[in-house]
Amino acid sequence: MMQARMGSFGSLNGGEDPPVRLISQHYRPVPQRCLQFLLLFMGVSIVFSFLSIHASWYIRLPGVIPVVHPRIEPPCVQEPMDFKTWMRPPTTLSHEMKDSELFWRASFVPKIKKYPMKRKAKIAFMFLTRGPLPMAPLWEKFFKGNGKLYSIYIHSFPSYQPEFRPSSVFYNRQIPSQVAEWGMMSMCDAERRLLANALLDISNEWFVLLSEACIPLRNFSIVYQYLARSRLSFIGSFDDPGPSGRGRYHEMMAPLVNITNWRKGSQWFELNRKLAVEVVQDNTYHPIFEQFCKPDCYVDEHYFPTMLSIEFPSLLANRSLTWVDWSRGGAHPASFGKDDITVEFFEELYEGAECTYNGKPTSLCFLFARKFAPSALAPLLNHSAKFFGF
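The structure contained in this document is the topic of the report that follows. Just so it is clear, the model here is predicted, and its values are computed rather than measured. Throughout, a residue's number is its position along its own chain's written sequence, starting from 1. Predicted model: local features are reported for residues with pLDDT of at least 70 only, side-chain atom pairs are reported and counted for 80 or more only, and whole-chain, interface and lining totals are derived from all residues. Only hydrogens and water are set aside; all other atoms, that is, all heavy atoms of the structure, feed into the side-chain values.

Two cysteines form a disulfide when their sulfur atoms are joined by a covalent bond. Working definition: a disulfide is two cysteine sulfur atoms within 2.5 Å of each other. What the rule picks out here adds up to two disulfides. Sulfur-sulfur distance for the disulfide between Cys293 and Cys297 comes to 2.0 Å. Looking down the S-S bond of the Cys293 and Cys297 bridge, the torsion is -80°, so its handedness is left-handed. The same class applies to Cys293 and to Cys297, which are both buried. In the protein chain, numbering the disulfide-bonded cysteines from first to last in sequence yields the connectivity 1-2, 3-4. Of all cysteine sulfurs in the structure, the one in Cys293 sits closest to Cys188, which takes part in no disulfide; the separation is 8.1 Å. Only protein chains enter the accessibility calculation, which uses a 1.4 Å probe. A residue is then buried if its area is under 20% of the maximum for its type, exposed if over 50%, and partly exposed in between. Since its relative accessible area comes to 0%, Cys188 is described here as buried.

Now for the sheet that holds strand S9 (residues 368-369). Strands are labelled as partners when DSSP assigns at least two bridges between them. We count a stretch as a helix when DSSP gives it H or I for four or more residues in a row; a strand needs E for two or more, and each element gets its number in order from the N terminus. Reading across the sheet, the three strands line up as S4-S9-S6 and stay open at both edges, with mixed pairing between neighbours. Each having just a single partner strand, strand S4 (215-216) and strand S6 (322-323) make up the two edges of the open sheet. The sheet contact formed by S6 and S9 spans two bridges and is parallel. Bridging from a neighbouring strand, Trp323 pairs with Ala369 of S9.

Stacked, tilted and edge-to-face are the three classes assigned to paired rings of Phe, Tyr and Trp, where Trp is represented by its six-membered ring and a pair needs centres within 6.5 Å; plane angles under 30 degrees give stacked, over 60 edge-to-face, the rest tilted. Under the criterion given, the structure shown has 39 aromatic pairs. Ring centres of Tyr226 and Phe234 lie 6.0 Å apart, and the angle between their planes is 40°; on these two criteria the pair is classed as tilted. Residue Tyr226 is classed as buried on the basis of its relative accessible area, which comes to 6%. The class for Phe234 is buried, based on a relative accessible area of 2%. Here the aromatic rings of Phe345 and Phe372 are separated by 6.2 Å at their centres, their planes lie at 90°, and the arrangement is edge-to-face. Taken together, the residues span a long stretch of sequence, with Phe345 in helix H12 (residues 343-350) and Phe372 in the loop between S9 and helix H13 (377-382) at a distance of 27 residues. Taking NZ or CZ as reference, Arg173 lies 5.3 Å from the ring centre of Tyr153, over its face. Between the NZ or CZ atom of Arg218 and the centre of the ring of Tyr350, over which it lies, the distance is 4.4 Å. Ring-over charges, as used throughout, are those where CZ of Arg or NZ of Lys falls within 6 Å of the ring centre and within 35 degrees of the ring normal.

Along any regular strand, the residues point their side chains to alternate faces of the sheet. Of all eight residues in strand S3 (residues 204-211), eight are buried; the element is thus mostly enclosed. Pairing between strand S1 (residues 122-128) and S3: seven bridges, direction parallel. Paired with Leu128 across the strands is Ser211, a residue of S3. Taken together, the three bridges between S3 and strand S5 (residues 270-272) define a ladder with antiparallel strand orientation. Within the sheet, the bridge partner assigned to Phe207 lies in S5 and is Leu271.

Next up on the list: the environment of Leu232. The residue Leu232 is located in the loop between helix H8 (220-229) and S5 in this model. Expressed as a C-alpha distance, the spacing of Leu232 and Gly359, which sit 127 residues apart in the sequence, is 10.0 Å. Residues are treated as being in contact if the distance between any of their heavy atoms lies within 4.5 Å. Look past the residues within four positions of Leu232 in its chain and what remains in contact with it is Ser314, Leu315, Leu316 and Ala317.

Okay, helix H5 (residues 99-106) next. Along H5, the residues that are buried comprise Leu102, Phe103 and Ala106. The buried residues of H5 all sit within an arc of 95° when viewed along its axis, so they share a single face. Across from the buried face of H5, at angles greater than 90 degrees, the exposed residues are Ser100 and Trp104. Residues of H5 that are buried sit in contact with helix H7 (185-199) and helix H9 (273-281). Taking the helix axis as origin, the arc is that swept by the directions to the C-beta atoms.

To continue, consider the side chain of Asp300. By the secondary structure assignment, Asp300 is in the loop between helix H10 (286-292) and helix H11 (303-311). Here Asp300 sits buried without a salt bridge, and the closest side chain of opposite charge, Arg248, lies 7.6 Å off (N-O distance). Under the rule applied, a polar contact is a pair of N or O atoms within 3.5 Å (in protein, one hydrogen donor and one hydrogen acceptor; residues adjacent in sequence only if both atoms are side-chain atoms). Within polar-contact distance, the side chain of Asp300 engages the backbone nitrogen of Gly183 at 3.5 Å. Each residue touching Asp300, except ones within four places of it in the same chain, is listed here: Gly183, Met187, Cys188, Glu191, Gly265 and Gln267. Counting rule applied: Lys, Arg positive; Asp, Glu negative; His and chain ends not counted. Should a side-chain nitrogen of Lys or Arg be within 4 Å of a carboxyl oxygen of Asp or Glu, the pair is scored as a salt bridge.

With that out of the way, let us pick up the sheet that holds S3. Ordered in space as S2-S1-S3-S5, the four strands form an open sheet in which the pairing is mixed. Two strands lie at the open edges of the sheet, namely strand S2 (150-155) and S5, each paired on one side alone. Strand-to-strand, the axes of this sheet are offset by a mean angle of 20°, without reference to chain direction. Only the stretch in contact is used when a helix axis is fitted, and all axes are lines through C-alpha atoms; the angle between N-to-C directions ranges over 0 to 180 degrees.

Glancing now at the packing of H5 against H7. Two numbers describe a pair of packed helices, the interaxial angle and the distance between the axes. Relative orientation of the contacting elements H5 and H7 amounts to 45°, with a least axis distance of 9 Å. Taken together, the axis directions place H5 and H7 in an arrangement best described as oblique. Between H5 and H7 lies a crossing whose hand is left-handed. Contacts between H5 and H7 involve Asp99, Leu102, Phe103 and Ala106 on the former and, on the latter, Asp189, Arg192, Arg193, Ala196, Asn197 and Leu199. Under the convention adopted here, Pro, Cys and the residues Ala, Val, Leu, Ile, Met, Phe, Trp and Tyr are nonpolar, Asp, Glu, Lys and Arg are charged, and Gly plus all remaining residues are polar. A breakdown of the residues in the contact of H5 with H7 according to their chemical character gives five nonpolar, one polar and four charged. An angle counts as roughly parallel when it lies under 35 degrees, as roughly antiparallel when it exceeds 145, as roughly perpendicular when it falls between 65 and 115, and as oblique in every other case. Left-handed is the label given to a crossing in which the near helix is rotated counterclockwise from the far helix by less than a right angle, and right-handed is the label when the rotation is clockwise.

Written out as structure tokens, the structure is:
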């Protein structure tokens, strides 16, 4: 039995290794010193990475743009805001303001009436037109030499692209516009839009609404002095008892607007800055006129005359400075072309005029006139010195 056991033991030594012995040889444990070295290397790497990221916040290497700027770095250099900067008119008439935003911005009024600097007041000439300005060459002669005393604003159809040369006074003077329909509230909105854009220039003191068919009747110096010395604003406003006056009144406008308040007048006005702001900021009369004054109630003939005569009757001359001939009848005034431009025509226009200016009678009642066709431009230019003094 002992031999058998020994033989059995001997067979183990001389034969194949048992499975247990093979497994123990294949999975030999890693030396402890190598494991410690790996752990130390990983720790040093983590610490170095953290320090590198942290240092990049404070250290700027040449040619390397840091990811995060230090908080102590000063902001971008800007021009300091001073009074002259604030007073400077907009560098461009282009903007993306909605009407509500534009009117709100334009209605800012300083509480202190006296200006803290020498201010040269200007006239804002506002042209409400569908497209081209055929009388532009005549207006160029009118404006020449008076660049610091006027501003120009043009409201045309949005699709119209003007082609004025850079040397023209009309170059880049087109404001963001919308379609204006004759006799509709959109026409009054266009006029308010012109006023609002012009009010953004603090130097504009008087605001003259013109069409593409308007011409000046006097030289610039006379026009400027006439507006500057007047104590009143000029807008037609009168009580017309006939069908084209009170006949257009809607009883639903009461009690805000009674029929006794109803007025009619020409849309071509000349307002001072105070009344221009009042027109732009109006949210009281605009909704009721928009709702109840529709053709055959032509709102551009009633909205401003009625509103201003109710709120500021003592500030109105109740007449326009723009001459128009309604003697031929119809819904539109007479138009004048090439054959109408004669010395006799203007003599008749000037003679017989009677009005009051600052409470005193005068024969100088009109500074502008309409409605002139493009064909009238050549004779007007040729005789402008004789007819208008420029």
